[in-house]
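Listed below, chain by chain, are the residues.
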Amino acid sequence: MKTDLPDALLQTLQDPDTQCNLLQSVVLHANDSIVITNAEPIDAPGPQIVFVNEAFCRMTGYRPDEVIGKTPRILQGPKTDRAALNRLKDSLRRWQPALVELLNYRKDGSEFWVEISLVPVANADGWYTHWIAIQRETSDRKRLETELLKTLQKERELSELRSHFVTMTSHEFRTPLTAILTAAEMLEYYGRHWTEDDRLEQLRLIQVTVHRMTQMLDDILLLDRADARDLQPAPVWFDPEAFCEALVSECQTTSGRSHRWELINHLTQRKVYLDQALLRQVLLNVLSNAVKYSPAHSQITLEMRDRPGGIQFSIRDEGIGLNPQDQSRLCDLFYRGSNVGAIPGTGLGLAIAKRCLDLCGGEISFENLPEGGLQVAIALPFHKTL
């Protein structure tokens, strides 16, 4: 074989002692971790470690004297893949090279991913005497893979949400538009034969339906801003009782005054420092649900009271309540309770309320009332007090 190396250097490299020294230098100073074990036993307690290089010590935190005479199993832990270990053991039994990726544990208990290339070493008689494992940490690569998988999963979820959103909005907008068109046509063709009260009833139907569509558009825009992190709390001082009185009046108007309303104020202070716009979104969505899911002429109560470091709003109704299995998902986008039946809705209201509360550091909880109906508790912290 032709070589460009000088004859003297070539003779030096062919010398067994030189080769041994070179190999020893490579092993000792390699950037990859190198572990040499006895060939057997394959089963427990496993082959003993006879050598580790400096890279192994840097990777695992062990000193050589802490691992020599022990088995590589000291690096394994509760999350180490048992199936991968079984594949590795199968290769060992057949004296075949193996390549495997494992989650291992350092001396301090921290986790790290490592890719292990394992080869058997035979003596001059062809008898396998040792295993050499070259180990390279792959934690960064594994972390990137995990992040990529999460991103792909999120993209799939977003795609499903978009599809669901298009279906939902097309249906939810088509229904009120049909109602508006029908009411307008009735006024056009039959209005002159109706009483003034009949005409006003149709006009009010149009107004309420337009309000519903406007609210739906506002909800969608608010969700978009919250998801884009373009929504930040802007607290101001205001009178919570006057604020809630206006909300109740608005709900009475849009619901056709078909419910009995009660506002109870147990607060000890006249002014609070909160974001009015976000609080309005939260309370309106919860109050709208109370109207939607409770029978006509039933009572809806909005109560305010002090809590340590903040304020609590409680909304009680006499409606259908909730099934316990729905509770953990009530604030998910587009999710609707399993007991709502044919009652129309988008599944956006509580999702919006939850996002607004998250921005303000607030919480929301749900409780079925013993006498029937639901209580929704909304807790918000004060950022300033008088």
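The coordinates are above.
About the thresholds
Residues numbered from 1 in each chain as written. Predicted model: local features only at pLDDT ≥ 70, side-chain atom pairs only at ≥ 80, totals over all residues. Heavy atoms only, no water. Pairing = 2+ DSSP bridges. Helix = DSSP H or I, 4+ residues; strand = E, 2+ residues; numbered from the N terminus. Core = buried A, V, L, I, M, F, W, Y, C linked by side-chain atoms within 4.5 Å. Buried < 20%, exposed > 50% of the residue type's maximum accessible area, 1.4 Å probe, protein only. Contact = heavy atoms within 4.5 Å. Axes fitted to C-alpha atoms, helices over the stretch in contact; angles between N-to-C directions. Disulfide = S-S within 2.5 Å. Phe/Tyr/Trp six-rings, centres within 6.5 Å; stacked < 30°, edge-to-face > 60°. Lys NZ or Arg CZ within 6 Å of the ring centre and 35° of its normal. Patch = residues over 30% accessible without salt bridge, like charges linked within 9 Å, V, L, I, M, F, W, Y side chains within 5 Å. Areas by Shrake-Rupley, 256 points an atom, 1.4 Å probe, with all protein chains shown as cover. Salt bridge = Lys/Arg side-chain N within 4 Å of Asp/Glu carboxyl O.

Caption draft 1: Local environment of the pairing of strand E4 (residues 111–122). As paired strands, strand E3 (residues 98–105) and E4 are joined by eight bridges and run antiparallel to one another. In the sheet register, Asn-104 faces E4, and the bridge partner there is Phe-112. Count of turn residues in the E4/strand E5 (residues 128–137) antiparallel hairpin: five residues, of which Gly-126 carries a positive phi of about 85 degrees.

Caption draft 2: A look at the nonpolar core. Counting 47 residues, the largest nonpolar core has Leu-283, Phe-313, Ile-315, Ile-364, Phe-366 and Ile-378 as its most contacted members. Setting aside anything within four residues of it in sequence, one finds Phe-313 in contact with Cys-244, Leu-279, Leu-283, Leu-302, Glu-303, Met-304, Val-376, Ala-377, Ile-378 and Leu-380.

Caption draft 3: Representation of the sheet that holds strand E2 (residues 49–52) within the structure. Spatial strand order, E2-E1-E5-E4-E3: five strands in an open sheet with antiparallel pairing. Strand pairing shows two members of the sheet lacking a second neighbour, E2 and E3, which therefore form its edges. The sheet shows a mean angle of 30 degrees between the axes of neighbouring strands, direction not considered. With three bridges connecting them, strand E1 (residues 33–38) and E2 associate as antiparallel partners. Bridging from a neighbouring strand, Val-35 pairs with Val-52 of E2. Taken strand by strand, helix H5 (residues 82–93) contacts E3, E4 and E5, and its axis lies near 135 degrees from that of E3.

Caption draft 4: Spatial organisation of the environment of Tyr-273. Counting through the fold element by element, Tyr-273 comes out in strand E8 (residues 272–274). It is 6.7 Å that separates the C-alpha atoms of Tyr-273 and Phe-238, two residues lying 35 residues apart in sequence.

Caption draft 5: View of the pairing of strand E10 (residues 310–316). Among the seven residues that make up E10, five are buried, leaving the element largely enclosed by the rest of the structure. Bridging between strand E9 (residues 299–307) and E10 involves seven bridges; their strand directions are antiparallel. Residue pairing in the sheet places Leu-302 in a bridge with Ile-315 of E10. Remark: two residues form the turn of the hairpin made by E9 and E10, two consecutive strands paired antiparallel; Gly-309 in that turn has positive phi of roughly 75 degrees. Pairing between E10 and strand E12 (residues 374–381): seven bridges, direction antiparallel. Across the sheet, the residue bridging to Gln-312 is Ala-379, located in E12.

Caption draft 6: Region of the structure containing the state of the cysteines. Inspection of every chain in the model, using the stated rule, returns zero disulfides. In this model Cys-356 remains outside any disulfide bridge; the closest cysteine sulfur is found in Cys-360, 7.0 Å from its own. Classification of Cys-356 as buried rests on a relative accessible area of 2%.

Caption draft 7: Summary view of the side chain of Thr-71. Summarising the element assignment, Thr-71 is placed in the loop between helix H4 (64–67) and H5. Note on Thr-71: relative accessible area 12%, which makes it buried. Other than its neighbours up to four places away in sequence, Thr-71 contacts Pro-45, Gly-46, Pro-47 and Ile-49.

Caption draft 8: The arrangement of the packing of aromatic side chains in detail. Taken as a whole and assessed by the stated rule, the structure comprises four aromatic pairs. Taking 5.1 Å as the distance between ring centres and 5 degrees as the angle between the ring planes, the aromatic pair formed by Trp-95 and Tyr-128 counts as stacked. A residue pair is termed long-range when its members are at least 10 positions apart, and Trp-95 in the loop between H5 and E3 and Tyr-128 in strand E5 qualify at 33 residues. Residue class for Trp-95 comes out partly exposed when judged on its relative accessible area of 23%. Looking at Tyr-128, the relative accessible area reads 32%, which means it is partly exposed. Within the aromatic cluster, the residues linked to one another by ring pairs are Trp-95, Tyr-128 and Trp-131. Stacked on the ring of Trp-113, the Lys or Arg Lys-142 has its end atom at 4.4 Å from the ring centre.

Caption draft 9: Representation of a nonpolar patch on the surface in the model. A surface patch of nonpolar side chains, amounting to about 300 Å² of accessible area, comprises Leu-148, Leu-149 and Leu-152. Note on placement: Leu-148 falls in helix H6 (residues 139–190). Classification of Leu-148 by relative accessible area gives exposed; the value is 51%.

Caption draft 10: Up close: the pattern of salt bridges. Here the structure, examined in full by the defined rule, presents 20 salt bridges. Ionic pairing is found between Arg-141 and Glu-145, a salt bridge with its closest N-O pair at 3.6 Å. Of the two residues, Arg-141 and Glu-145 are both situated in helix H6; the distance of four residues between them amounts to about one turn of the helix. By relative accessible area, Arg-141 is classed as partly exposed at 37%. Linking Glu-196 and Arg-199 is a salt bridge whose minimum nitrogen-to-oxygen distance equals 2.7 Å. On the criterion of helical spacing, the pair formed by Glu-196 and Arg-199 is a turn pair, its members being three residues apart in helix H7 (residues 196–227). Among the residues examined, Glu-196 registers a relative accessible area of 45% and is labelled partly exposed. With a relative accessible area of 25%, Arg-199 lands in the partly exposed category. One continuous salt-bridge network, built from bridges that share partners, spans Glu-101, Glu-115, Arg-141, Lys-142 and Glu-145.

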